[in-house]
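Next come the chains, spelled out residue by residue.
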Amino acid sequence: MDHRSLGRTGVKVSPLCLGTMMFGPWGNQDVDDSIRIIHAALDAGITFVDTADVYSAGASEEITGKALAGRRDDVVLATKFFMPMGDDLNHRGGSRRWIIQEVENSLRRLGTDYIDLYQVHRPSPDTDIEETLGALSDLVHQGKIRYIGSSSFSGSQIVEAQWASRDRNLERFVTEQPPYSILVRGIEEDVLPTTRRHGMGTLTYSPLSGGWLSGKWRKDAAAAPTSSARPSARFDMSAPANQRKLDIVEELALLAEANDMTLIEMSIAFAITHPGVTSAIVGPRTMEQLESYLPAAEITLSTEVLDRIDELVAPGVTVNPDDNSYGAHELLPGNRRR
């Protein structure tokens, strides 16, 4: 695989990033099989691995750590913090108290002395960004993490964090991790231009839109897509927006077939084709799924294919707004009603 620069860090990563959310109770509960899948991904040329503390309540990090034993220096290892890790209200969020505590837990579970990229999983409306950046800066200075990143930040939140880093002489986010797929193109309008202006790397997640672009879920499918790890609104088949997605998927499947690709290959290739995207996170649960993802790294989509995709889903458009990962706090009734 051709490698790309992770923003302006000088670090090189593969265009496909192995996501590990499906390793553990949330997905593949066979630890040995999960490790085999991780090893197969590394053997295929993937050098970027992304996980999070919340995935299967830490089990994903533990499996990832076991798989990387003896191969740690061969990969750029990323993990995330922020989501609740139990009932304690202080075991979550972007506070200094929690960050300093939770990084030690992730280091232990991952079996490593350092994390290459430590990311805040969501923006916090209750915590000053300076506090989060300050704690992360201290961890960089201590050598426990190398770089810091954000996930699901809006364009304005990205800019606010960059300015805070500049004004307070703090480490800055060098990456952003947003959702991006043919069906979820909202970041093209604001987030991607913003990350490019600030020289950030962008590692996008869910290039198959939670399974909608896997080729498995079609209008004549016996059941609707389901995922216990994602919001149910994304799979409510009575919603007009989801019905629209089914219509689009039919057209996309025909487009892929006409161009000698699978829908999976075309969809992942689409994500990594955008010049603002550094790497697309793929999260296999099985070896078969991993093998179906890998060819996308070598595919170059033609102008004709890209134009047809634009006809089906206009640039900057997310077909179902429920698929976006940002705005949840800002759009609460209490924050928008007079």
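As a starting point, this report considers the structure included with it. What you see is a predicted model; the values in this text were computed from it and never measured.

1. Regarding helix α2 (residues 59-67)
(1) Moving on: Buried residues dominate α2, accounting for 7 of its 9 residues.
(2) Moving on: Listed in full, the buried residues belonging to α2 are Ala 59, Ser 60, Glu 61, Ile 63, Thr 64, Gly 65 and Ala 67.
(3) Moving on: Residues of α2 that are buried in the fold lie against α1 (31-43), β4 (48-50), β5 (76-81) and α3 (96-110).

2. A few points about the layout of surface pockets
(1) Moving on: Each pocket or cavity is described by its volume, and for the second largest pocket that value is around 160 Å³.
(2) Moving on: Lining the second largest pocket are Phe 82, Leu 89, Asn 90, Arg 92, Gly 93, Gly 94, Ser 95, Arg 97, Ser 124, Asp 126 and Thr 127.
(3) Moving on: Residue composition of the lining of the second largest pocket, by class: 2 nonpolar, 6 polar and 3 charged.

3. Section: the packing of helix α8 (residues 263-273) against helix α10 (residues 303-312)
Geometrically, a packed helix pair is captured by the angle between its two axes and the distance between the axes.
(1) Moving on: One can describe the packing of α8 onto α10 by two numbers: an axis separation of 12 Å at closest approach and a directional angle of 95°. Classified by the interaxial angle, the pair formed by α8 and α10 is roughly perpendicular. Of the residues in α10, those touching α8 at Met 266, Phe 270 and Thr 273 are Val 305, Leu 306 and Ile 309.
(2) Moving on: Taken together, the residues of the contact of α8 with α10 sort by class into 5 nonpolar, 1 polar and no charged.

4. A closer look at the side chain of Thr 9
(1) Moving on: Locating Thr 9 in the fold gives a position in the loop between β1 (4-5) and β2 (12-13).
(2) Moving on: Of the residues examined, Thr 9 reaches a relative accessible area of 19% and is grouped as buried.
(3) Moving on: A polar side-chain atom of Thr 9 sits 2.8 Å from the main-chain carbonyl oxygen of Leu 6.
(4) Moving on: Polar contacts involving the side chain of Thr 9 include one to the main-chain amide nitrogen of Val 11, which spans 3.0 Å.
(5) Moving on: Sequence-distant contacts of Thr 9, that is, excluding residues within four places in its chain, are made with Tyr 147 and Val 174.

5. As for α10
(1) Moving on: Val 305, Ile 309 and Leu 312 are the residues of α10 that are buried. Seen along its axis, α10 keeps its buried residues to an arc of 60°; they face one direction. Facing away from the buried surface of α10 by more than 90 degrees, the exposed residues are Thr 303, Glu 304 and Glu 311.
(2) Moving on: Buried positions along α10 lie against α7 (240-258) and α8.

What counts and what doesn't
Position labels on residues start from 1 in each chain and follow its written sequence. Per-residue local features of the predicted model are confined to residues with pLDDT of at least 70, and side-chain atom pairs are confined, for both listing and counting, to 80 or more; whole-chain, interface and lining totals are unaffected and use all residues. Each side-chain value is derived from all of the structure's non-hydrogen atoms; neither hydrogens nor water enter the calculation. The classification of residues rests on relative accessible area computed with a 1.4 Å probe and restricted to protein chains. Under 20% of the type maximum is buried, over 50% is exposed, and intermediate values are partly exposed. A run of DSSP states H or I qualifies as a helix once it reaches four residues; a run of E qualifies as a strand once it reaches two. Both are numbered from the N-terminal end. Should any heavy atoms of two residues lie within 4.5 Å, those residues are considered in contact. Only protein atoms enter the 1 Å grid used here, on which a cavity is any set of points holding a 1.4 Å probe that cannot leave and a pocket is any open set flanked by protein within 12 Å on both sides along at least five of seven lines; residues with an atom within 4 Å of a point are listed as lining. Grid points are joined across faces, edges and corners, and a volume is the space filled by probe spheres set on the points. Each residue is assigned to one class: nonpolar for Ala, Val, Leu, Ile, Met, Phe, Trp, Tyr, Cys and Pro, charged for Asp, Glu, Lys and Arg, and polar for all the others, Gly among them. Axis lines are fitted to C-alpha atoms, over the contacting stretch for helices. Their N-to-C directions set the angle, which ranges from 0 to 180 degrees. Under this scheme an angle from 65 to 115 degrees is roughly perpendicular, one under 35 degrees roughly parallel, and one over 145 degrees roughly antiparallel; angles in between are oblique. Each polar contact in these results corresponds to two N or O atoms within 3.5 Å; when the atoms are within protein, one needs to be able to donate a hydrogen and the other to accept it, and residues that are neighboring in sequence are counted only if both atoms are side-chain atoms. Note that the arc is defined by the directions from the helix axis to the C-beta atoms.

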